[in-house]
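So the chains spell out like this:
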Amino acid sequence: MLEELRQQFHRIAGHRGIRRYGANTLWMLAEKGCRLVFGFLVGIYVARQLGPARYGLLNYAVSFVALFSVLATLGMDPVVVRELVRRPGKANSILGSALGLKAAGFAVMAFVVGIVLLVSPMSDSDRGLMAVILAGYGFQVFQIFDFSFQARVLGKYSAMSQIAALAVSSGFRLWFAWQGAPLWCFAAVESGYMALSAFGYALFYRKTGGCFRLWRFDRAEAAFLLRESLPLLLAGAAAMFYLRFDQVIVTWMLGDAANGQYAVAVRLVEVLFLVPLVVSDSFFPSLVGTRSTSLLRYYRRTEQLMRFMFYCALAILPPAAVAGYFLIVQLYGAAYREAAWLFVFLLFKILLVYPGLVYGKWYLAEGMQKISMVVGICGCCTSVLLDYLMILWWGLPGVAAAAVVTNFFTYLVFPLFFRKGRAGVRLFLRSLLPVLPRSTDEGRRG
């Protein structure tokens, strides 16, 4: 038996595809691991030095600008990766068209944010803070290079670029926190990180034989990408609104100090999303490729990946809840005691978010962007309504509870209004409960 297991292990380890995707995943995990370590340790020091009120104001500014970031991305990131996998011979026209669209998208974002800042009743210092953060999104136009790496399963170059940028920006964060620098310095670090990442992408793209001088903007290609991305643009806007609006409404209704508490809890929970996000992104090209060769393998692989993510969430939840509560109190200080309870509430999100990351990739592979858009908009509206009502009823813990309830509706309730959405819910539930039988429709497709 041991000899058979050894031979099977060698067969799996020697499989070219597994080695390729495994190495890619390890590099991406290394980047996320560095982000976890740097973000956790540096974030603790910065939060302690700034205090809940100033830390809350900084996160409010970051979240407010991020609400408009979907105008710069246009929701086309996964679409570009998908098309590069499907049509590698058209890479130059796809990348060039995407670059032109993203540049136009950032121009629109800058214009809209500028108008909002001018008409909003906020101080000049707050406007300056947000303007500095906005400038960094201009460099995200060059995230196009990263799409090429993802499609070619060369995630190590993206990882190395981001690790280097993260190390430099973390050093500046520590220095500014130690010196008691004004908040605009921390905002400049946010923008500097985006700029350094883009510079690294460009260097490695040249190193891997790419030549962006060959890129060309093609109107037909741009129209196709925009048409494919439009549902994702609206869904992405709803998702970004859902992810960031809670910090905005907490600041509006409860003040900067309350948002400082909430921001600490949110940041720590988001750290736990890094590894499953890497796994889902790394295996997305594989899912797209498998669908064109074998629907049976495609559905089995998707289901197995979702089930793996759910079991990971189950295993992580209890120790993370206990450790997180005590770590926040001990490391961030007594001033952030309320954040510890918020972290425990928010942690229950991972039970649905972990498999939900793969669920979202399945939507894209199936071409269900319109359904994803409608579900995302419904989830956004539910989140805003619940945030407002729960703050009035329960205060700050109500926002955490609203986030968990919104995830339930987004993944398991709103898709039921669509035939293909019901198939997706069944796939989602079967990954959590393997005893459920396959649907007739899925059996025909698989």
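Parameters at a glance
Residues numbered from 1 in each chain as written. Predicted model: local features only at pLDDT ≥ 70, side-chain atom pairs only at ≥ 80, totals over all residues. Heavy atoms only, no water. Helix = DSSP H or I, 4+ residues; strand = E, 2+ residues; numbered from the N terminus. Contact = heavy atoms within 4.5 Å. Axes fitted to C-alpha atoms, helices over the stretch in contact; angles between N-to-C directions. Parallel < 35°, antiparallel > 145°, perpendicular 65-115°, else oblique. Left-handed = near helix turned anticlockwise from the far one by under 90°. Nonpolar A, V, L, I, M, F, W, Y, C, P; charged D, E, K, R; others polar. Patch = residues over 30% accessible without salt bridge, like charges linked within 9 Å, V, L, I, M, F, W, Y side chains within 5 Å. Areas by Shrake-Rupley, 256 points an atom, 1.4 Å probe, with all protein chains shown as cover. Salt bridge = Lys/Arg side-chain N within 4 Å of Asp/Glu carboxyl O. 1 Å grid on protein atoms, 1.4 Å probe; cavity = no way out; pocket = protein on both sides within 12 Å on 5 of 7 lines; lining within 4 Å. Points joined across faces, edges and corners; volume = space filled by probe spheres on them.

Trainee: Just give me the short version of the side chain of serine 170, but keep the residues and values in it.
Mentor: Among the structural elements, serine 170 can be located in helix H8 (residues 155-179). Aside from chain neighbours lying at most four places away, what touches serine 170 is Phe38 and Val42.

Trainee: Please provide a residue-by-residue account of the packing of helix H10 (residues 219-254) against helix H17 (residues 396-412), values included.
Mentor: Two numbers describe how H10 lies on H17: the axes approach to 11 Å, and their chain directions differ by 160°. Classified by the interaxial angle, the pair formed by H10 and H17 is roughly antiparallel. As H10 runs across H17, the sense of the crossing is right-handed. On H17, the residues touching Tyr242, Asp246, Val250 and Leu254 of H10 are Leu396, Val399, Ala403, Thr406 and Asn407. For the contact of H10 with H17, the residue count by class is six nonpolar, two polar and one charged.

Trainee: Now, about a nonpolar patch on the surface: what can you tell me, with residues and values included?
Mentor: Residues Trp252, Met253, Leu254, Leu385, Tyr388, Leu389 and Leu392 make up a contiguous nonpolar surface patch of about 700 Å² in total accessible area. For the nonpolar patch, the secondary-structure elements that each account for two or more residues are H10 and helix H16 (369-394). With four residues, H16 is the single largest residue contributor to the nonpolar patch.

Trainee: Could you give an account of empty space enclosed by the protein, naming the residues involved and the relevant values?
Mentor: Evaluation of the coordinates by the stated rule reveals two cavities of 30 Å³ or more. Taken together, Ala72, Thr73, Lys102, Phe106, Tyr137, Gln140 and Val141 form the lining of the second largest cavity. Elements represented by at least two residues in the lining of the second largest cavity include exactly helix H3 (70-73) and helix H5 (91-119). Its residues assigned to classes, the lining of the second largest cavity comprises four nonpolar, two polar and one charged.

Trainee: Give me the lowdown on the layout of surface pockets, citing residues and values where you can.
Mentor: Each pocket or cavity is described by its volume, and for the second largest pocket that value is around 210 Å³. In terms of lining, the second largest pocket is formed by 13 residues, of which the most central are Ala91, Leu95, Ser148, Arg152 and Tyr205. Of all elements in the fold, only H5 and helix H7 (144-151) reach the threshold of two or more residues within the lining of the second largest pocket. If one sorts the elements of the lining of the second largest pocket by residue count, H5 sits on top with three residues. Residues belonging to the lining of the second largest pocket are distributed by class as follows: eight nonpolar, four polar and one charged.

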